[in-house]
Amino acid sequence: MLKAVEQCMLTWIKELQNDEIYELFTHLPHGKRLRAKLVLKIAGETQQSIKLAAVIELIHAASLLHDDVIDEALTRRGVTSINASDGSKIAVMMGDVLYSKAFTELVAFDDKIAQSVAASVTTLSIGEYLDVKMGESFNNNEDAYLDMIYKKTASLIEVTAYAAAFLVGKDEHDYKLYGKNLGLAFQIIDDILDIVSDEKTLGKPALNDYKEGKTTLPYMYLHTSLNLEDKNRLEKAHLQILEPLDSLWIKTKMKEHKSVERSYQLARNLSDEAITIMTKHNEPELVGILEDMMSREF
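One structure accompanies this document, and this report is about it. (Residues numbered from 1 in each chain as written. Predicted model: local features only at pLDDT ≥ 70, side-chain atom pairs only at ≥ 80, totals over all residues. Heavy atoms only, no water.)

Topic: the nonpolar core
Spelled out, the test is: What makes a nonpolar core is a set of buried Ala, Val, Leu, Ile, Met, Phe, Trp, Tyr and Cys residues whose side-chain atoms join them at distances within 4.5 Å. A 1.4 Å probe rolled over the protein chains alone gives each residue an accessible area, and that area as a share of the maximum for its type sets the label: buried under 20%, exposed over 50%, partly exposed in between. Any two residues having at least one pair of non-hydrogen atoms within 4.5 Å are treated as being in contact.
Formed by 92 residues in total, the largest nonpolar core has its most connected members in Leu98, Tyr178, Leu182 and Leu234. With residues near it in sequence (within four places) discarded, tyrosine 178 still touches Leu38, Ala161, Ala274, Met278, Leu286, Ile289 and Leu290.

What about empty space enclosed by the protein?
Our working definition: We place a 1 Å grid over just the protein atoms. Points where a 1.4 Å probe fits but has no way out form a cavity, open points with protein on both sides within 12 Å along at least 5 of 7 lines form a pocket, and any residue with an atom within 4 Å of a point lines it. Grid points are joined across faces, edges and corners, and a volume is the space filled by probe spheres set on the points. Numbering of helices and strands runs from the N terminus, with a helix taken as a DSSP run of H or I at least four residues long and a strand as a DSSP run of E at least two residues long. Three categories are distinguished: nonpolar for Ala, Val, Leu, Ile, Met, Phe, Trp, Tyr, Cys and Pro, charged for Asp, Glu, Lys and Arg, and polar for the others, with Gly belonging to the last.
Applying the stated criterion to the full structure yields 1 cavity of 30 Å³ or more. Around the largest cavity, the lining residues are Asp131, Met134, Gly135, Asn139, Tyr145, Met148, Gly213, Lys214 and Thr215. Elements that contribute at least two residues to the lining of the largest cavity include exactly helix H7 (111–134) and helix H8 (142–168). Of the residues in the lining of the largest cavity, the class split is 3 nonpolar, 4 polar and 2 charged.

Brief notes about H8
As a reminder, the rule being used: Each residue after the first adds 1.5 Å to the expected span of a helix. What we call the bend at a residue is the angle made by axes fitted to the seven residues finishing there and the seven residues starting there.
A rise of 1.5 Å per residue sets the reference length of H8, with its 27 residues, at 39 Å; its end C-alpha atoms lie 36 Å apart and thus fit the reference within 8%. Its axis deflected by about 55 degrees at alanine 154, H8 carries its strongest bend there. One or two positions beyond H8, positive phi appears at glycine 169, with a value near 75 degrees.

Concerning the environment of leucine 193
When you line up the elements, leucine 193 lands in helix H9 (residues 172–196). Residue class for leucine 193 comes out buried when judged on its relative accessible area of 8%. Separated by 14 residues in the primary sequence, leucine 193 and leucine 207 have C-alpha atoms spaced 8.9 Å apart.

Points about the packing of helix H2 (residues 19–26) against helix H6 (residues 88–106)
We count it as follows: All axes are obtained by fitting lines to C-alpha atoms, using only the stretch in contact for helices, and the reported angles, taken between N-to-C directions, cover 0 to 180 degrees. Reported orientations rely on four angle classes, namely roughly parallel under 35 degrees, roughly antiparallel over 145, roughly perpendicular from 65 to 115, and oblique for the rest.
H6 packs onto H2 with a crossing angle of 95 degrees between their chain directions and a minimal axis gap of 11 Å. With respect to H6, the element H2 is oriented roughly perpendicular. Between H2, through Ile21, Leu24 and Phe25, and H6, the contact on the second element is made entirely by Ile90, Met94, Val97 and Leu98. Here the contact of H2 with H6 is composed, by residue class, of 7 nonpolar, no polar and no charged.

Some thoughts on the pattern of salt bridges
Cut-off, in case you're wondering: Salt bridges are defined by distance alone: a side-chain nitrogen of Lys or Arg within 4 Å of a carboxyl oxygen of Asp or Glu.
Per the stated rule, a full pass over the model turns up 22 salt bridges. Between arginine 76 and aspartate 68 there is a salt bridge; the shortest N-O distance is 2.7 Å. Accessibility classification places arginine 76 together with aspartate 68 in one group, the buried group. Two residues, lysine 112 and glutamate 172, come together in a salt bridge whose shortest N-O distance is 3.5 Å. Residue lysine 112 is located in helix H7, and its partner glutamate 172 is located in helix H9; the two are separated by 60 residues in the primary sequence. Take lysine 112: its relative accessible area is 40%, and that puts it in the partly exposed class. Residues joined by salt bridges that share partners form a network here, namely Asp67, Asp68, Asp71, Arg76, Glu128, Asp131, Lys152 and Lys214.

A word on the layout of surface pockets
One number sums up the size of the second largest pocket: a volume of about 220 Å³. Only helix H4 (47–71) and H7 provide two or more residues apiece to the lining of the second largest pocket. Across the lining of the second largest pocket, the residue classes tally to 2 nonpolar, 1 polar and 9 charged.

A short note on the packing of aromatic side chains
The criterion, for reference: Pairing of aromatic side chains requires ring centres within 6.5 Å, counting the rings of Phe and Tyr and the six-membered ring of Trp. Pairs whose planes differ by under 30 degrees are stacked, by over 60 edge-to-face, and all others tilted. The criterion for a charge sitting over a ring is simple: Lys NZ or Arg CZ within 6 Å of the ring centre, and within 35 degrees of the ring normal.
Within this structure, the stated rule accounts for 3 aromatic pairs. Seen in terms of ring centroids, tyrosine 162 and phenylalanine 166 are 6.4 Å apart; in terms of plane orientation they differ by 25 degrees. Their pairing is stacked. Of this pair, tyrosine 162 and phenylalanine 166 are both found in helix H8, 4 residues apart, which corresponds to roughly one turn of the helix. By relative accessible area, which is 11% here, tyrosine 162 ends up buried. Between tyrosine 210 and tyrosine 219, the aromatic rings sit 4.2 Å apart at their centres with planes inclined by 5 degrees, giving stacked as the arrangement. Cluster of aromatic residues (ring-pair linked, three or more members): Phe138, Tyr210 and Tyr219. In this arrangement the basic side chain of lysine 180 is found over the ring face of tyrosine 150, its NZ or CZ atom lying 5.3 Å from the centre. Above the ring of tryptophan 249, the side-chain terminus of arginine 233 is found at 4.3 Å from the ring centroid.

What follows is the structure, given as structure tokens:
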């Protein structure tokens, strides 16, 4: 099913009549195409659903190009990032091209789909802004963090499920909630993996989020459990390249205070709510997506 989505995107990029842009696009690293899978599993494989999936994936790819520039990331999924290989200007402009092409194709859809997807891109952009601002200092506000990851990550997954459901007349509210919870749980698990996985698995250095200024849930939960001296040590490590002893100390303290387990439990609660909803709608494949995500190696 995903091959049709890939071909659709390649056709659209080919229409731009720029060989360099086409070549760059074909070398963009991508994951498992979660958003495209959601569209096709909810709406089935039709000409419209394939195009919707392609639009969403172009938007996602554009956001990652900009994200890598903001984070000054050298790799993306273990592959050299475009900003590292071709420069930040090329990465930003490539992101702009993908956003623009996605919106060009989006306007052909029903107004309700077009407006909701377009609004989610605005929300995503605000989430990126909040992520940057929150990274300027140690953050211990859990609600602010959850709001940020909703905007930056979950909002696009939420609208993906909503738009796919709308396309085929399914319960838009329930599928939208499923997408929101999936997106939030996905980001929390991703944050956990940054701490517990190794560089080979991540495709980037472990504990990289903290160096970049991202105070994710495990760090917040750890901070609330520490004494004043250890709180100060954790805060001073924020935005710093961690020495091996500092990394070991953080991981040891997290294990001691079960910071990762607490974070995982929140993701589990969100996932369980979404599973209940999709079980009601007899969507075993959508349940399976959640279970696979929650069982990623720790």
